[in-house]
Amino acid sequence: MLSIAQSMAVKSQQIKKDLDQKALVAFQAYQFNKTYEGEDHNGDIYTGLYDVLKTKMPKDYNNLVGHKSSVRAISSKPNSNQLITTGSDGNIFSWNLKDPTNGNLIGNTGEINRSLALSDDDKWLACGTEKSKIVLFDIAKSSKKVLKGHNKVVWALEFMDNNTLISSSADSTVRLWNLNDAKSIIIAKTKSRIKAFALSPNKKYIIGASDKGEIILWDKSKNYSSTIIYTNATRSLSQITYAKDGKFIAFGDQQGLVSILNVANKTIEYDLIGQSARITDLEFSSNDKFLASSSFDGTVQVFLTDNYDLSPLVLKDHDSWVSSLSFTNNDKTLVTGTMSSKIKRYPTNIDQMSTDLCSLISRNLTQKEWKRFVAKDIEYEKTCPTIK
């Protein structure tokens, strides 16, 4: 029955004219998969249901519209419905996913914005720009100030604590900022460029991904002394992130390969293929159940971390390169940003999409359709019993 469910999910995506038929085939595939204990993290079942929602729901039902150009950074907290976005138009928007029709404009830097970070106490919002500035917004006071120190694009930002900010730049430096006096010190000067960095969950370590294929670790307790924990000169690294439990590091490169590094023994446990261009963002969900990767090939892959051998969910209906992503809404939603200004919301679980799906359908499968899409020797049942 699971093979039938898989086949039906694929067939549902090929149905273009009869949208009720499309929905019924996809939903019946989901029900078979559920009844016969198939894998919840099933890409074909997920895509079948998502494809139905796109055709049955209003146009752009899962899009957030506000930016005029590429969305380069997204910041959110997993247990919240709030997220913040920024990009090439210089705008910074705050969104409430419970009412996402309109974003609240926080401000505009007047430049191309490349990076974003929000302090844990929600007081400070830091935005790194193409022209080397960090614009620091005091959210409560609706005021801002500019942090100057870098002399090239600010690629990445992270808060060490509520009054300490870390930044990396194309000028090959990593800076530590004291927000009380807006001054910084250089804690690292590298021969390569640190395209991305991440803080360990305990905030004791900083890891940076370099364009020369190195992962560099800086130890806070040792005055930020550095150690190279991985090197592969054939790879130009573009993104890096820690798992929330601190046991694994995920990093991606310019060719679209994502690797999982075991922190304890510094060995690669998995190489995750599927994307064919630069990895632009990586994030573990707050419970480490999922790992999401976005790419300039226009796709996002969502892996189940307790079984990386399982095929990932592939989100491929973006109309442009995908430049950023973030989990939010208690990990129930994955938000992505594209180079075409679109922000899209995706459910992370197929059960979410199946809820109330019958309310969008006006009939059940006919006996003829059942024999065609299910099988002649499987007893007929109503996909939506509430529909007569």
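Residues numbered from 1 in each chain as written. Predicted model: local features only at pLDDT ≥ 70, side-chain atom pairs only at ≥ 80, totals over all residues. Heavy atoms only, no water.

Participant: Would you explain the nonpolar core in this entry?
Facilitator: General note: in soluble globular proteins, nonpolar side chains tend to be found buried as a group. Formed by 42 residues in total, the largest nonpolar core has its most connected members in Ile45, Tyr46, Leu49, Val302 and Leu334. Of the residues forming this core, the biggest block, eight residues, is contributed by helix H2 (residues 19-35). With sequence-adjacent residues up to four places away left out, Tyr46 is seen in contact with Leu313, Leu315, Tyr346, Pro347, Ile350 and Met353. (Core = buried A, V, L, I, M, F, W, Y, C linked by side-chain atoms within 4.5 Å. Buried < 20%, exposed > 50% of the residue type's maximum accessible area, 1.4 Å probe, protein only. Helix = DSSP H or I, 4+ residues; strand = E, 2+ residues; numbered from the N terminus. Contact = heavy atoms within 4.5 Å.)

Participant: Is there a simple way to explain the sheet that holds strand E26 (residues 322-328) in this structure?
Facilitator: Taken together, the four strands give an open sheet; going across it, the order is E1-E28-E27-E26, and neighbouring strands pair in antiparallel fashion. In the strand order of this sheet, the two ends are held by strand E1 (63-64) and E26, each with one partner. Summarising the sheet, E1 and strand E28 (residues 343-347) pair through two bridges and their orientation is antiparallel. From the neighbouring strand, Asn63 faces E28, where its bridge partner is Lys344. (Pairing = 2+ DSSP bridges.)

Participant: I'm lost on the packing of helix H1 (residues 2-12) against helix H3 (residues 43-56) in this one. Help?
Facilitator: Helix packing for two helices is described by the angle between their axes and how far apart those axes are. Between H1 and H3, whose axes approach to 8 Å, the crossing angle comes to 35°. By crossing handedness, the relation of H1 to H3 is classed as left-handed. When H1 is examined against H3, the residues Ala5, Gln6, Ala9, Val10 and Ser12 are found in contact with a partner set consisting of Asp44, Ile45 and Gly48. When the residues that make up the contact of H1 with H3 are grouped by side-chain class, the tally is four nonpolar, three polar and one charged. (Axes fitted to C-alpha atoms, helices over the stretch in contact; angles between N-to-C directions. Left-handed = near helix turned anticlockwise from the far one by under 90°. Nonpolar A, V, L, I, M, F, W, Y, C, P; charged D, E, K, R; others polar.)

Participant: When you look at the layout of surface pockets in this model, what are you seeing that I'm missing?
Facilitator: A probe as big as a water molecule, rolled over the atoms, marks out the empty space that is left. Taken as a whole, the largest pocket holds about 1,400 Å³ of empty space. At the level of secondary structure, the elements contributing two or more residues to the lining of the largest pocket comprise strand E2 (71-76), strand E6 (113-118), strand E10 (154-161), strand E14 (194-199), strand E18 (237-242), strand E22 (279-284) and E26. For the lining of the largest pocket, a count of residues per class yields 24 nonpolar, 13 polar and eleven charged. Here the second largest pocket defines a volume of roughly 390 Å³. What lines the second largest pocket is a set of 13 residues, among which Leu53, Tyr61, Arg345, Pro347 and Gln352 lie closest to the centre. Secondary-structure elements contributing two or more residues to the lining of the second largest pocket are E28 and helix H4 (350-354). At three residues, the largest contribution of residues to the lining of the second largest pocket is made by E28. For the lining of the second largest pocket, the residue count by class is seven nonpolar, five polar and one charged. (1 Å grid on protein atoms, 1.4 Å probe; cavity = no way out; pocket = protein on both sides within 12 Å on 5 of 7 lines; lining within 4 Å. Points joined across faces, edges and corners; volume = space filled by probe spheres on them.)

Participant: So what exactly am I meant to see when it comes to the packing of aromatic side chains here?
Facilitator: Two aromatic rings, taken as a pair, are described by how far apart their centres are and by the angle between their planes. Within this structure, the stated rule accounts for twelve aromatic pairs. Measuring from ring centre to ring centre gives 4.8 Å for Tyr230 and Phe251, while their planes differ by 50°; the resulting arrangement is tilted. Separated by 21 residues along the polypeptide, Tyr230 in strand E17 (residues 225-231) and Phe251 in strand E19 (residues 248-253) bring together distant segments of the chain. Of the two residues, Tyr230 and Phe251, both sit in the buried class. An aromatic cluster is present here, built from Phe32, Tyr36, Trp370 and Tyr380 joined pairwise through their rings. (Phe/Tyr/Trp six-rings, centres within 6.5 Å; stacked < 30°, edge-to-face > 60°.)

Participant: Before we go on, may I ask you to explain the pairing of E17 in this structure?
Facilitator: Regular strands place side chains that alternate from one sheet face to the opposite one. One ladder, built from six bridges, connects strand E16 (residues 214-219) with E17; its direction is antiparallel. By the bridge assignment for E17, Trp218 is matched with Ser226. From the end of E16 to the start of E17, which pair antiparallel, there are five residues, and Asn223 there has a positive phi angle of about 55°.

Participant: How should the environment of Gly256 be read in this particular structure?
Facilitator: Looking at where Gly256 falls in the secondary structure, it is placed in the loop between E19 and strand E20 (258-262). You can call Gly256 buried: its relative accessible area is 3%. As a C-alpha pair, Gly256 and Glu379 span 123 residues in sequence and 45 Å in three-dimensional space.

Participant: I keep staring at the pattern of salt bridges and nothing clicks. Help me out?
Facilitator: Any two side chains of opposite charge can pair, given that their charged atoms come close. Scanning the model with the defined rule gives 13 salt bridges in all. Close ionic contact of Asp317 with Lys54 constitutes a salt bridge, the shortest N to O distance being 3.7 Å. On the criterion of sequence distance, the pair formed by Asp317 in the loop between strand E25 (313-315) and E26 and Lys54 in helix H3 is long-range, its members being 263 residues apart. In this structure, Asp317 engages Lys344 in a salt bridge whose closest nitrogen and oxygen atoms are separated by 3.8 Å. With Asp317 in the loop between E25 and E26 and Lys344 in strand E28, the pair connects residues that are 27 residues apart, well separated along the chain. (Salt bridge = Lys/Arg side-chain N within 4 Å of Asp/Glu carboxyl O.)

Fair warning: the whole summary comes from geometry, so function is off the table for now.
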